[in-house]
Amino acid sequence: MKILCAFCLAMLSIAAFPHPGGGIIALSENSVIVADPTENFVRLLEKGKEPKRLVSKFHGHWMAQGLNGNLYVEAFQESGGAWSSAAFQFDLQSGKLTEVIHRDEIRALTFAVDRDGSLVFQRGSSLVSRANGKESPFRPSSNPPMVGKVTAYAWAPDGELLFSDQNQIRRIDRNGVASLVAKIEGKFLEPNIWNVSETPTIFSLAIDDKGSVLAALPDLGKVYRVDKNGKLHEIAHSEDGWRATGVATFGDAIFLSESDSRASASPRVRIVRSNGTVDLLTIPPPSR
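Residues numbered from 1 in each chain as written. Predicted model: local features only at pLDDT ≥ 70, side-chain atom pairs only at ≥ 80, totals over all residues. Heavy atoms only, no water.

Chemist: Explain the sheet that holds strand S22 (residues 253–260) here, please?
Modeler: Each strand in a sheet pairs with another by means of backbone hydrogen bonds, the pair being arranged parallel or else antiparallel. Within the open sheet, the four strands sit side by side as S21-S22-S23-S24. Their pairing is antiparallel. Because the sheet does not close on itself, it has two edges, and the strands there are strand S21 (242–250) and strand S24 (278–282). Between one strand and the next, the sheet's axes are offset by a mean angle of 30°, whatever the strand orientation. When S21 meets S22, the two strands line up antiparallel, connected through eight bridges. Following the sheet pairing, Trp-242 is matched in S22 by Asp-260. (Pairing = 2+ DSSP bridges. Helix = DSSP H or I, 4+ residues; strand = E, 2+ residues; numbered from the N terminus. Axes fitted to C-alpha atoms, helices over the stretch in contact; angles between N-to-C directions.)

Chemist: Help me understand the packing of aromatic side chains, please; the structure alone is not making it clear to me.
Modeler: For any pair of aromatic rings, the description rests on two quantities: the centre-to-centre distance and the angle between the ring planes. According to the stated counting rule, one finds four aromatic pairs in the structure shown. Taking the centre distance of 6.2 Å and the plane angle of 70° together, the rings of Phe-58 and Trp-83 count as edge-to-face. Note that Phe-58 is positioned in the loop between strand S4 (52–56) and strand S5 (63–65) and Trp-83 in the loop between strand S6 (71–74) and strand S7 (86–90), a separation of 25 residues in sequence. Overall, Phe-58 belongs to the buried group, its relative accessible area being 1%. On the basis of relative accessibility, which here comes to 33%, the residue Trp-83 falls in the partly exposed class. A centroid spacing of 6.4 Å and a plane angle of 65° characterise the contact between Phe-138 and Trp-155, whose relative ring orientation is edge-to-face. (Phe/Tyr/Trp six-rings, centres within 6.5 Å; stacked < 30°, edge-to-face > 60°. Buried < 20%, exposed > 50% of the residue type's maximum accessible area, 1.4 Å probe, protein only.)

Chemist: So what exactly am I meant to see when it comes to the pairing of strand S23 (residues 268–272) here?
Modeler: Look at any regular strand and the pattern is simple: side chains alternate between the two faces of the sheet. Counting buried residues in S23 gives five out of five residues, a clear majority hidden from the surface. Burial along S23 is two-sided: the residues Arg-268, Arg-270 and Val-272 and Val-269 and Ile-271 are all buried. Bridge analysis of S22 against S23 gives five bridges, and the strand direction is antiparallel. Residue pairing across strands places Glu-258 opposite Arg-268, the latter belonging to S23.

Chemist: What's the story with the pairing of strand S3 (residues 41–46) in this structure? I'm lost.
Modeler: The buried count for S3 comes to five of six residues, which makes it a mostly enclosed element. Taken together, the six bridges between strand S2 (residues 31–36) and S3 define a ladder with antiparallel strand orientation. Counted as the bridge partner of Ile-33 is Leu-44 from S3. Counted along the chain from S2 to the antiparallel partner S3, the turn is four residues long, and its residue Asn-40 has a positive phi close to 65°. By the bridge criterion, four bridges tie S3 to S4 in an arrangement that is antiparallel. In the strand pairing of S4, Arg-43 is matched with Arg-53.

Structure (structure tokens):
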């Protein structure tokens, strides 16, 4: 609970620059849904088409695609009363939101959803699984991982769970065995507006088509690919003040949701292709 309180205070202390989210899910090689916590929308972005609002008056930061194939969004930092401050299952076709759990029950800002629909999230210094109102240790083992501040999750195709513990990427296999994938360090960019700690924070994780892990660290203005041997490769960096806060993949396409460190603005989305070219999928829409 102390971790959550400290994290929320950090969000509230930067009124002029709302905390951007890592909410982005790729639907195809040319389309994504993305959370816009500045204008309070969930948007569908398709190359060559106008952005489409799927949900309005929704203050979301995190999105998750469950191992069960369903999509999930959250409004844990919602304070205006437009929606319940909860996690929701999201139907892409209808835009319908079905509440899954209230923020007072989960007391975490990010989560994953397992194949059986159970929610996986941090409780104290552990990861737990919650189904039908009951919690249990996530994939219990003789040596469960102790966690500090979990900020992002991603499922590998084989069912292993990747999660970020601030600047560390860690893995839990199907037998509950935990291991360190990589620890990322570097020089903070100025201004340091989204992080009040001395440790860079991974905002978003994804798995590419070769099984490598992608990590977005806006504090450093970098997006890294981490090979299976733990070697880091920079694949994107901050340009003109834009920093990637969300990363998603579809096939060999890498989608970056980027926030402007100079102003409070909606995110833009770029696509990094396998040949190194970069497509601008959308620019921030005007405020309304």
